[in-house]
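In case you want the letters, here they are:
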Amino acid sequence: MAHFFSFAKTALKNLFSKPATTAYPDAPVDYPARSRGHIDIDIDQCISCSLCVRNCPTECLAVDKNAGTWTINRFDCIVCGYCTVNCPKHCLKVVKGYQQPGPEKKAVTYQKSPEVMAAEKAKKAALAKKKAEALKKAQAAKEAQAQQKEGD
Amino acid sequence: MARKHKRNIVPFGPQHPVLPEPIHLDLVLDDEKVVGVIPSVGFIHRGLEGLVEKWDFKEMVYVAERTCGICSFQHGMGYCEAVEQIMNIEVPPRAKYLRTIWGETSRLHSHLLWLGLMADAFGFESLFYQCWRIREKILDLIELSTGGRVIFSVNQIGGVLKDMDAEMLKHFLDVLAEVETEVREIQKTFMLDYTVQSRTVGVGVMTKRQIHACGSVGPFARASGFKVDMRKLGYEAYPDLDFEPVISNDGDCYARCDVRIREIFQSIDLIRQAAAKIPDGELAIKVKGNPDGECFARIEQPRGEAIYYVRGTGKKFVNRMRIRTPTFANLPGLCEMLKNADYADVPLMILTIDPCISCTER
Amino acid sequence: MAIIIKKEPEQKTITIAELLPEVIAIRKRGMRVCQICAAWVNEQFELSYSFANDGNYQLLTLRVVIDKDVAVPSITPIYPSAVFYENEMKELFGVKVENISTDYRDKFYRIEEKTPFGPESEGE
């Protein structure tokens, strides 16, 4: 059997109850903890392996190993989170807060702190020194061997 | 004196108030009756299937997810399912259950969206807002558990990326209980209201025979008594859950409405069952190697059966991915249904197949 | 009534001459056409015609492998609902299909580029 005014009860209830919406710009939005807002980096943990660059589906990332920078074009990023899955040091994170709109696409560059850069440089220098020493040692051993051969 | 009718062709779409997305139909009219329909698509053809040459098979999950905004999770899931079948990967049981829960949540979201659009199409604005108000609760649940409101991005080959703890599952069930009571209220309006019935009963009748001839799928087919639901194939956690496909026998717009509303309750029930049975364990297993072989995976999306075909050749990039979406399969059924319809009923009838053109054109 | 689910999909490779007789036999078994798909593999077209049996949920796929310039007969005289799949295959891949009941002549997909997934456009 067909009813008339079957929606009247719901409509009246809606009329006298609190609004379902919020007063958005005045009342700030509370995003849940898992909200995929944007990608954040703990740049000092980064080892510039550029795995994130290779795995990014939109190619919005760039890494410069020598300069110690990590660049993201937030307007191209789709916040899929695939870079955070692949990061070996887990220094990439998806955090709250959406990218604000803007008149043009621009990239944001993160620079490693000078202390980290200096430490990395020192580590690199130490590694190079060690390598050079090892090479020298090997050469010396070779020469000694050659001399021994000549002696025979 | 008998008036001589001349046949006219009226273009319908790509821009039309009832269509959120562009599809073009050339309606051949004889007076006020539609006698022929010629659809054409491709206005938003993005060539997603061609992207397999550029992105490797793991990144393609994110592409597959972006095929469509509403069944986004199910697209990702279907693609993963196909690749996992090729590579013989057994997904951990917890991941299967989580996928089932999210899949059913997206079905709830899709059906509530459709109910709202349907109310809007027959001019019941306040019912439209009521539906979308309920849907907002589902969207909040999705955002809470995955981080995105539309694109979930929780699927990966071999499992899922995010977990749901017991507290979150309890919150899910609490909200779903609220949703259930609210949907029961609007169910009365959709099913029993005189004004709604006058627009939907007896409009666009499809018989079971016609549905079978047109190869239609999903709620559109089930509303005509065609008992087919791909969830019965037993992918993910569905073999453990107890459900029967929802069917109706009338085959008109009213029956399609009825089927979708009852599927909302079915989905809520399935989520309850899955939440009660969910096992502990890991979320994903490590995937080694590349897909070599081919597979057709069939899953039940909110709109019906979708087919994912993946052909790998042992390389990082798969050779071919094809998505056959439910709306594409329903196009012949739509043309059949529109024949002999009144011109004024055309928008409503197009809406009852739940067209998703972004899916159709990929 | 319990539904017997036969999950294992069947697949067989056939020649072009066998296609129409096979499809007629499938039609007699009451299956519905599920999808038709083309793929460009190893310099040849692989066409997959899938049919579904809704009683036991079985999927049957007929595979036809053809060279680029060979035409395949349309199955629309047997399954009228296959018309959109065949037009799609024709317009996106450039497969030659003969005797389609409604041939759109490149007007089904309203796209600028002709056969975007076809062999000619590869590597562009």
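These figures come from a predicted structure and were not determined experimentally.

Criteria and cut-off values
- Residues numbered from 1 in each chain as written.
- Chains lettered and ligands numbered in written order.
- Predicted model: local features only at pLDDT ≥ 70, side-chain atom pairs only at ≥ 80, totals over all residues.
- Heavy atoms only, no water.
- 1 Å grid on protein atoms, 1.4 Å probe; cavity = no way out; pocket = protein on both sides within 12 Å on 5 of 7 lines; lining within 4 Å.
- Points joined across faces, edges and corners; volume = space filled by probe spheres on them.
- Nonpolar A, V, L, I, M, F, W, Y, C, P; charged D, E, K, R; others polar.
- Domains from an automatic or database assignment.
- Contact = heavy atoms within 4.5 Å.
- Buried area = accessible area lost by both parts, 1.4 Å probe.
- Salt bridge = Lys/Arg side-chain N within 4 Å of Asp/Glu carboxyl O.
- Polar contact = N/O pair within 3.5 Å; in protein donor to acceptor, adjacent residues only side chain to side chain.
- Helix = DSSP H or I, 4+ residues; strand = E, 2+ residues; numbered from the N terminus.
- Buried < 20%, exposed > 50% of the residue type's maximum accessible area, 1.4 Å probe, protein only.
- Pairing = 2+ DSSP bridges.
- Axes fitted to C-alpha atoms, helices over the stretch in contact; angles between N-to-C directions.
- UniProt positions renumbered as here; feature names shortened; annotations may be inferred.
- Phe/Tyr/Trp six-rings, centres within 6.5 Å; stacked < 30°, edge-to-face > 60°.
- Core = buried A, V, L, I, M, F, W, Y, C linked by side-chain atoms within 4.5 Å.

A. Main features of empty space enclosed by the protein. Residue and element names in this part refer to chain A. Applying the stated criterion across every chain, the model contains 3 cavities of 30 Å³ or more. In this model, the largest cavity occupies a volume close to 100 Å³. As for the largest cavity, its lining consists of 15 residues, and the residues nearest its centre are Cys 46, Cys 49, Cys 52, Cys 87 and Cys 91. Each residue belonging to the lining of the largest cavity can be placed in one class, and the counts come to 12 nonpolar, 2 polar and 1 charged.

B. How the structure looks around the domain arrangement of chain A. Residue and element names in this part refer to chain A. Each assigned domain of chain A is listed here: domain 1 (31-112) and domain 2 (114-147). Of note, the centres of domain 1 and domain 2, computed from C-alpha atoms alone, are 34 Å apart. Between domain 1 and domain 2, the contact holds 7 residues from the first and 5 residues from the second. For the domain 1 face of the interface with domain 2, the top three residues by lost area are Asp 44, Asn 66 and Lys 112, together amounting to 80%. Linking domain 1 with domain 2 are 0 salt bridges, by the criterion used here. Between the two partners, domain 1 and domain 2, sit 0 residue pairs in polar contact (both at pLDDT 80 or more).

C. Structural detail: the layout of surface pockets. One number sums up the size of the largest pocket: a volume of about 970 Å³. If you trace the largest pocket, you find 31 residues lining it, with Ala20(A), Arg133(B), Glu136(B), Lys137(B) and Asp140(B) closest to the centre. Secondary-structure elements contributing two or more residues to the lining of the largest pocket are helix 1 (8-15) of chain A together with helix 4 (125-146) and helix 5 (166-192) of chain B. The dominant element in the lining of the largest pocket, judged by the number of residues it contributes, is helix 4 of chain B, at 10 residues.

D. Seen up close, the pattern of salt bridges. Residue and element names in this part refer to chain B. Counted according to the given criterion, the structure contains 36 salt bridges over all chains. Salt-bridge contacts for Arg 149 lead to Glu 143; the nearest nitrogen and oxygen are separated by 3.8 Å. Accessibility expressed as a relative area gives 27% for Arg 149, which makes it partly exposed. Beyond isolated ion pairs, a larger network of salt bridges with shared partners links Glu 104, Arg 107, Arg 222, Asp 229, Arg 231, Glu 263 and Glu 300.

E. Up close: the sheet that holds strand 2 (residues 61-64) of chain A. All names here are of chain A. Read across the sheet, 3 strands follow the order 2-3-5 without closing on themselves; strand pairing throughout is antiparallel. The open sheet has two edge strands with one neighbour each: strand 2 and strand 5 (107-111). Each adjacent strand pair in this sheet contributes to an overall mean axis angle of 15°, direction not counted. Here 4 bridges tie strand 2 to strand 3 (residues 69-73), and the two strands are oriented antiparallel to one another. Across the sheet, residue Val 63 finds its bridge partner in strand 3, namely Trp 70.

F. Looking closely at the UniProt feature "coiled-coil region" (unreviewed entry) in chain A. The sites that UniProt annotates as "coiled-coil region" (unreviewed entry) are residues 117-148 of chain A. Between the end C-alpha atoms of residues 117-148 of chain A the distance is 46 Å, and the span holds 100% helix and 0% strand.

G. Representation of the side chain of Gln74(B) in the model. Residues and elements named next belong to chain B. Along the chain, the position of Gln 74 falls in helix 2 (residues 72-87). The class of Gln 74 is buried, set by a relative accessible area of 0%. Leave out the neighbours within four places in its chain, and Gln 74 touches Gly 103, Ser 106, Arg 107, Ile 299, Glu 300, Gln 301, Pro 302 and Tyr 308.

H. A look at helix 2 (residues 83-93) of chain C. Residues and elements named next belong to chain C. Burial analysis of helix 2 places 10 of its 11 residues in the buried class, the great majority of the element. All of the buried residues in helix 2 are Val 83, Phe 84, Tyr 85, Glu 86, Asn 87, Glu 88, Met 89, Glu 91, Leu 92 and Phe 93. Backbone geometry just downstream of helix 2 places Gly 94 in the positive-phi region, at approximately 80°.

I. Focus on the arrangement of the chains. Ranking the 2 pairs of chains in contact by contact count places chains B and C at the top. A gap remains between chain A and chain C, which never touch, and the nearest two C-alpha atoms on either side lie 20 Å apart.

J. Geometry of the pairing of strand 3 (residues 33-40) of chain B. Residue and element names in this part refer to chain B. Across 7 bridges, the pairing between strand 2 (residues 24-30) and strand 3 is antiparallel. Within strand 3, the position partnered with His 24 by the bridge is Ser 40. What sits between the antiparallel neighbours strand 2 and strand 3 is a turn of 2 residues, in which Asp 31 has the positive phi angle 60°.

K. How the structure looks around the packing of aromatic side chains. The full count for this structure, using the stated rule, is 15 aromatic pairs over all chains. Their ring planes at 55° and their centres at 5.7 Å tell us that Trp70(A) and Tyr110(A) sit as a pair that is tilted. Taken as a pair, Trp70(A) in strand 3 and Tyr110(A) in strand 5 lie far apart in primary sequence, 40 residues in all. A residue is classified by how much of its surface remains accessible, and Trp70(A), at 0% relative accessible area, is buried. Their ring planes at 70° and their centres at 6.3 Å tell us that Phe122(B) and Phe190(B) sit as a pair that is edge-to-face. Here the residue Phe122(B) occupies a position in the loop between helix 3 (93-121) and helix 4, and Phe190(B) occupies one in helix 5, the gap between them amounting to 68 residues. Phe122(B) gets classed as buried once you look at its relative accessible area, which sits at 12%. Each member of the aromatic cluster is reached from another via a ring pair, and the members are Phe73(B), Trp102(B) and Phe152(B).

L. Spatial organisation of the interface of chain A and chain B. At the interface, 27 residues of chain A touch 34 residues of chain B. The junction of chain A with chain B conceals about 2500 Å² of combined surface from both sides, 51% of it contributed by carbon and sulfur atoms. Here chain A is connected to chain B by 1 salt bridge. In this structure, the salt-bridge partner of Lys13(A) is Glu185(B), at a minimum N-O distance of 3.1 Å.

M. Spatial organisation of the interface of chain B and chain C. Contact residues are listed per partner, giving 45 residues for chain B and 39 residues for chain C. Across the chain B/chain C interface, buried area totals approximately 3400 Å², and carbon plus sulfur atoms make up 59% of it. Taken together, the links from chain B to chain C amount to 14 residue pairs in polar contact (both at pLDDT 80 or more). Counting residues per element, the side of chain B that touches chain C draws most heavily on helix 10 (residues 326-338) of chain B, at 5 residues.

N. Focus on the nonpolar core. If you look at the biggest cluster of nonpolar residues, it comprises 161 residues, and the most contacted ones within it are Tyr79(B), Phe190(B), Leu47(C), Tyr49(C), Phe51(C), Tyr79(C) and Val95(C). With 13 residues, the top contributor of residues to this core is helix 3 of chain B. Discounting chain neighbours no more than four positions away, the residues touching Leu47(C) are Cys37(C), Ala38(C), Leu62(C), Arg63(C), Val64(C), Ile66(C), Val72(C), Met89(C) and Val95(C). With 16 residues, the next largest nonpolar core counts Ile43(A), Trp70(A), Cys77(A) and Cys87(A) among its residues.

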